Amino acid sequence: MAARSKSAEKLSPLKVATFLMRPLSLMPLAPLQPLLAAALAVMRRQHPAVFERLDELGEPLFVIDPIDLPFIFAMRPAGLRPSLLAQREIDTDQATAIIRGPLPMLIDLLEGRLDGDALFFSRELSVEGDTEAVLVLRNAVDSDEINLFEDVLAILGPLAGPLRFAAEARNAVVTGWNAAR
Amino acid sequence: MNKSLTAKKLELVCPAGTPASLRAAVDAGADTVYLGFRDETNARNFPGLNFSRRELADGVAYAHDHNAKVLVAINTFPKAGDPEAWHQAVRDAEACGADAVILADIGLLAYTVEHHPKLRRHLSVQASASNKEAIRFYAREFDVKRVVLPRVLTVEEIAALNDNIPVETEVFVFGGLCVMAEGRCSLSSYVTGQSPNMNGVCSPASHVRYEEVGDQLVSKLGEFTINSFGEDEAAGYPTLCKGRFSVEGSVSYLFEDPTSLNAITMLDALMKAGVTALKIEGRQRGRAYVTQVVSAFRQAVDAASRGEAMPDLDMSLLTEGGQDTTGAYQKTWR
Ligand code: SF4
């Protein structure tokens, strides 16, 4: 798909983060938890309409399984105690639904650069469990322009400026390098 | 009555299931966006999809700021004895500044004529008006300005219709393909009790299950297995009309393969047939789909209006089952 190859060409900070996350297979996940909790809190603050669409689901548990990482994300986006945890394993019987695919693709999906149905048709994305809940999640996430990088930067407060500058500089270098090839 | 004699540039009517999709459609070059409220008053009543009243008002403002129009689909058939939600939807569409409503039910058309005479009316595909007598009836009785034609007519039939009706026509050019006459298909109703006509959903997600069985992806609707896809096979929606069934020992698609309509190569013929507007299906699809398909059709419509050759635009990866068809426009029924 055009959008897919386009996004694949650009080395976004998130894709860099994917590589950086790989060593996590060797490390404990505990240090990641506060970051994930903060990321979810920021997303809820920045995109209230997205989470309002999820309310109809009660307290669903989505297991997001990036097949290229050695852990899964257990996400309870709605209800009284929303949470996002990285876990090595989970009892999938507890899950409302399981969504499986490579992490960069899942991020592109979250940010609206890829179409979920197209990925499903091409079998790159797999879904198990409550199809209706997955559809609500997909439609909710798609209802606003989510930019994970900007949202995560928002957590960092004064550090955001230098980090954004570094990411943009890096992108400029990568784009120039791609163009020169 | 032939409007094709003064063929104008085709109007591009694009889907929006969410506010972000509306903005994506407008930014990608939509002339018009169509959408629905978050309830069973429209034929894409999918969970988590569609617009609140506030979102519609904001969406109309965004579209109008960018010289685009907004049409509100209120195109299911009201519940017997309880049409209030549908009446409310018409009232709210007008209050939010919608440019027109897309209606199917004659009772709702009559209500709109009586109570909201200034609100422009389009006839939904769900009304399945496919001959000149039916279309003239809707034009005469309810002053509809445009009819969305069912996906069962050839280009020649559309041209003949346009010669004999006093209203604009809008035709589907891309997206999901209903192979039965719209508004009259009962397959989903038979299996799930819910239909596009009454509840706004065909094969509702609440009744759908996908299971991995060995190398196969098995799709089920209620108690029925609709399809089983091999490891390297593109998947499709679990709609009965595109199911693969075993009949007398042989397995095949009985009505239609998993496929999507794509009439991008036929824009010139449709323009010559007197069509006013082209509709892209897919309010239930993501905004990535909206951006890609609308951008492609924007280029194609602009090229067609200049009499230029069609640009090479590959959208095969967005189609159901990875396949597309020109559907009934070039009819080759089995
Ligand atoms: S079963 Fe097929 S033809 Fe019938 S409403 Fe659904 S998609 Fe359309």
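Residues numbered from 1 in each chain as written. Chains lettered and ligands numbered in written order. Predicted model: local features only at pLDDT ≥ 70, side-chain atom pairs only at ≥ 80, totals over all residues. Heavy atoms only, no water.

1. Focus: empty space enclosed by the protein
Residues and elements named next belong to chain B. Where we set the bar: A cavity, in this analysis, means grid points on a 1 Å lattice covering only the protein atoms where a 1.4 Å probe fits yet has no way out; a pocket is instead an open set bounded by protein on both sides within 12 Å along at least five of seven lines, and a residue lines either one if it has an atom within 4 Å of a point. Grid points are joined across faces, edges and corners, and a volume is the space filled by probe spheres set on the points.
A full pass over the atoms with the stated rule returns one cavity of 30 Å³ or more. Roughly 40 Å³ of volume is contained in the largest cavity. Lining the largest cavity we find G175, G176, Y237, S260, E281, Q284, R285, Y289 and E320.

2. Remarks on the interface of chain A and chain B
Stated precisely, the cut-off is as follows: Between two residues, a contact is recorded if the distance between any of their heavy atoms is within 4.5 Å. As a working definition, buried area equals the accessible area (1.4 Å probe) given up by two parts on being put together, with both sides summed. Salt bridges are defined by distance alone: a side-chain nitrogen of Lys or Arg within 4 Å of a carboxyl oxygen of Asp or Glu.
On the chain B side, the residues contacting the 34 residues of chain A number 41 residues. When the two sides are added together, the surface that chain A and chain B hide from each other amounts to roughly 3,000 Å², 49% of it contributed by carbon and sulfur. The largest contributions to the chain A side of the interface with chain B come from R53, F121 and R123 of chain A, which together make up 26% of the buried area. At the junction of chain A and chain B, the tally comes to seven salt bridges.

3. Thoughts on the confidence of the model for chain B
Residues and elements named next belong to chain B. Applicable threshold: For every residue, the predictor states its confidence as a pLDDT score lying anywhere from 0 to 100.
Residues at a pLDDT of 70 or more form 97% of chain B, whose mean pLDDT is 91. Within the model, the stretch residues 1–6 combines pLDDT values under 50 with 15 contacts to residues more than four positions away or in other chains. Listed scores for the predicted complex are pTM 0.87 and ipTM 0.86.

4. As for the packing of aromatic side chains
Residue and element names in this part refer to chain B. Definition in use: Each Phe, Tyr or Trp ring, with Trp reduced to its six-membered ring, pairs with another whose centre is within 6.5 Å; inter-plane angles below 30 degrees give stacked pairs, above 60 give edge-to-face pairs, and intermediate values give tilted ones. Three labels apply to residues, based on accessible area from a 1.4 Å probe with only protein chains included: buried if under 20% of the type maximum, exposed if over 50%, partly exposed otherwise in between. Criterion for a charge above a ring: Lys NZ or Arg CZ within 6 Å of the ring centre, and within 35 degrees of the ring normal.
In total, this model carries nine aromatic pairs over all chains according to the counting rule given. Judged by centre distance (6.0 Å) and plane angle (90°), the ring pair of F137 and F142 falls under edge-to-face. For F137, a relative accessible area of 32% translates into the label partly exposed. Here the aromatic cluster, defined as three or more aromatic residues joined through ring pairs, consists of F137, Y138 and F142. A cation over a ring is seen here: R53 above F37, with NZ or CZ 3.8 Å from the ring centre. Note that K279 overlies the ring of Y34, its terminal NZ or CZ placed 4.2 Å from the centroid.

5. Thoughts on unusual backbone geometry
Residues and elements named next belong to chain B. Test applied: Secondary structure elements follow DSSP: runs of H or I of four or more residues count as helices, runs of E of two or more count as strands, with numbering from the N terminus.
A positive phi is found at N50, a non-glycine position, where the angle reads about 85°. Relative to the helices and strands, N50 resides in the loop between β2 (32–35) and α2 (53–65). Judged by relative accessible area, N50 falls into the buried class, the value being 0%.

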